[in-house]
Amino acid sequence: VSDAAVAADHYANALAAKRGGDLKAALSGFLMALALSPDHPAYRREALNILGIVSGYKALPAAVLDGLRGAISDPALDLQPLSLVVRNITENDTRFAEIETALAGAPDAIEHQLKHGAWDWLLNEPLLHAVLARAILIGTRLEAVLTKLRRHALLHPSTILLSRHERLLIALALQGNTTRFPWAEALDETKRLDVITPGLTMALYRPLITLPDTTALPDVLRLARDAQIEARERASYFPALTPVDDATSQKVQAQYEQFPYPPWDAIADVTPTSLTEFVKARFPRLSCDVNEPLILSAGCGTGRGAVMLGLTFPEAKIIAFDLSRASLVYAAMKAEQHNLRGIAFGVGDILNIGTLGDHFDLIECSGVIHHMHDPAAGLRALASILKPNGLMRLGLYSERGRSAVIAARALIAAQHIPDSDAGVRQARQMLTSLPPTHPARGVIDTPEFFTLDGLHDLIFNVQETRYTPRQLKELLASASLTFLGFDTDASVKAAYARSFPDDASGTNLDNWDRFEQNQPQAFSEMYQLWLHKA
Ligand SMILES: C[S@@+](CC[C@H](N)C(=O)[O-])C[C@H]1O[C@@H](n2cnc3c(N)ncnc32)[C@H](O)[C@@H]1O
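Residues numbered from 1 in each chain as written. Predicted model: local features only at pLDDT ≥ 70, side-chain atom pairs only at ≥ 80, totals over all residues. Heavy atoms only, no water.

Account for the sheet that holds strand β7 (residues 527–532), with residues named and values stated.
What the 7 strands build is an open sheet, ordered β3-β2-β1-β4-β5-β7-β6; its pairing is mixed. In the strand order of this sheet, the two ends are held by β3 (344–347) and β6 (482–486), each with one partner. Strand-to-strand twist across the sheet, computed as the mean angle between neighbouring axes with direction ignored, equals 20 degrees. The sheet contact formed by strand β4 (residues 360–366) and strand β5 (residues 386–396) spans 6 bridges and is parallel. (Pairing = 2+ DSSP bridges. Helix = DSSP H or I, 4+ residues; strand = E, 2+ residues; numbered from the N terminus. Axes fitted to C-alpha atoms, helices over the stretch in contact; angles between N-to-C directions.)

Structure representation (structure tokens):
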């Protein structure tokens, strides 16, 4: 039997294990498939995705790492899951602790190590470069090491880092432009930045767009800077679809104008279909027969949902709107990157969306109405522009799933940490130094913790409502929408089915409430609900 055939077997078994919620078996199957066929795109993608979900592994076989290294040049692959891989394999390497110790020492000793290439295994790792350039780096120890290396590059300009590790430094600059530089910056660094000639070192600390036109930069960074300038100019092009006149909407608008959120990399693995086929497969009891559906992404933010819809339903007409022009700029740029030119982006408020005059077959609205003063009014406004028999996919925060965020906010309030960029940095340091068992520590494992805008969203949000499944039931009833089920991890679905075998459709929200009491982190990201209008 050939390697390829054995790999295909492992892959098929792993897919079945993943569907059944057995992530451990899925992980081992995908890794075995990848180790046997490191060039296979589907094996790479699935291995990467599952490595970003499961935890607990500390090292990976060389063949798997080679497979992943081969995958990072694919611009269509979402590299965010790679962040956890990089954290696990570097922070758990025995050589990592040696770097941490040495970085606490004198600059000459640091330079000595750099000169002898003792840290090249880390500094030259292509997987680390790829995460920094395209995703959000997660990992407090890795961040601390890179923060100290950045400091060394700034305060010791003759360092070998600048001559021998340009790829790493370029990747670090790109990371800062994605995350808006939440890492610690000491006073002596700020002072030095005031006097140096702008260039690559400055780009490790400050957004590319703020550097003077004349700044000499490596090509990659120059192009990234040009793209940022073009994007800023485009912000005024988006049409106003509705007025934004509600006081809370204006407050929320100001937040997301300043802090567009979330950044994201790419969407891979979408199988294009029609809405009719999708409904037939996902909700066989519903009937749906539309040719050119009209779809709305409400509060589209930086556009991940809208782009996903565009790739999934190529025949659909899509309108996407948000309060924040800065977010729309990001969304439109991402749509273009995914070759979607037909999405109509505009500025609007859900509260006034009825004035648009259109009615939709599908509305997607994730992580939005819980930022409204009266989320139920927002949901009613959306329900009113859904066609009869229309569908909605709604994402909302869970009260139990957000317990770490609630604990973190309580600490920040108690310590009077201000809602500013400096306050966010201060809050990060305070949260990182908490004991591992502290209830607020959970926020540190999220990508939000590693971006400035994400932290504003996570712990300084100006407006947020959270739900339990029982409260969801009331909310849906108030907008006359029927619950069709959650989109959840296969493992959550399987656990629910074991607990409530009589509820095959998984639509009993009282059961889900009991389920969540036992598994409070089941919806730590968000509830994703499918709803139907009769
Ligand atoms: C956390 S982001 C989520 C963005 C996007 N839906 C996603 O899933 O990536 C929340 C977004 O909701 C938008 N938003 C909040 N209230 C809104 C309203 N009343 N009308 C339109 N957009 C709103 C904000 O401007 C922000 O971009």
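Can you break down helix α12 (residues 166–179) residue by residue, with the values?
Note that an α-helix has 3.6 residues per turn; residues three or four places apart therefore point the same way. Helix length check: α12, at 14 residues, gives a terminal C-alpha distance of 20 Å against a target of 20 Å (1.5 Å per residue), a fit within 8%. Across the 14 residues that make up α12, a large majority, 11, are buried. Of all the residues in α12, the buried ones are Leu168, Leu169, Ile170, Ala171, Leu172, Ala173, Leu174, Gln175, Gly176, Asn177 and Thr179. Two residues or fewer after α12 comes arginine 180, characterised by a positive phi angle close to 55 degrees. (Expected span 1.5 Å × (residues − 1). Buried < 20%, exposed > 50% of the residue type's maximum accessible area, 1.4 Å probe, protein only.)

Give a detailed account of helix α2 (residues 23–36), specifying residues and quantitative values.
Along its 14 residues, α2 runs 20 Å from first to last C-alpha, staying within 8% of the 20 Å computed at 1.5 Å per residue. Residues of α2 that are buried: Ala26, Leu27, Gly29, Phe30, Leu31, Ala33 and Leu34. Considering only its buried residues, α2 is in contact with α1 (3–19), α3 (41–51) and α4 (62–71). (Contact = heavy atoms within 4.5 Å.)

Outline the environment of glutamate 399, listing residues and values.
Note that glutamate 399 resides in the loop between β5 and α21 (403–414). The class of glutamate 399 is partly exposed, set by a relative accessible area of 31%. Dropping the residues within four chain positions of it, glutamate 399 is found in contact with Ile406, Arg466, Tyr467 and Thr468. Of note is the side chain of glutamate 399, whose polar atom sits 3.2 Å from the side chain of arginine 466. (Polar contact = N/O pair within 3.5 Å; in protein donor to acceptor, adjacent residues only side chain to side chain.)

Can you break down the site of the ligand residue by residue, with the values?
Surrounding the ligand, one finds 19 residues, the nearest of these being Gly299, Asp322, Asp349, Ile350 and Ser366. One of the backbone N or O atoms of glycine 299 is found 2.8 Å from a nitrogen atom in the ligand. Contact distances for the ligand include 2.9 Å between a nitrogen atom and a side-chain N or O atom of aspartate 349. Taking 600 Å² as the accessible area of the ligand by itself, protein coverage stands at 94%. Mapped onto the shell around the ligand, the elements with two or more residues apiece are α16 (247–258) and β2 (317–322). With 3 residues, α16 is the single largest residue contributor to the shell around the ligand. (Near = heavy atom within 4 Å. Areas by Shrake-Rupley, 256 points an atom, 1.4 Å probe, with all protein chains shown as cover.)

Let's hear about the side chain of threonine 302: which residues, and what values?
Tracing the chain through its elements places threonine 302 in the loop between β1 (294–298) and α18 (304–312). Looking at threonine 302, the relative accessible area reads 1%, which means it is buried. Among the polar contacts listed, one links the side chain of threonine 302 to the backbone oxygen of proline 262, at a separation of 2.4 Å. Leaving out residues up to four positions away in the same chain, threonine 302 has contacts with Pro260, Tyr261, Pro262, Trp264, Ser327, Tyr330, Ala331 and Lys334.

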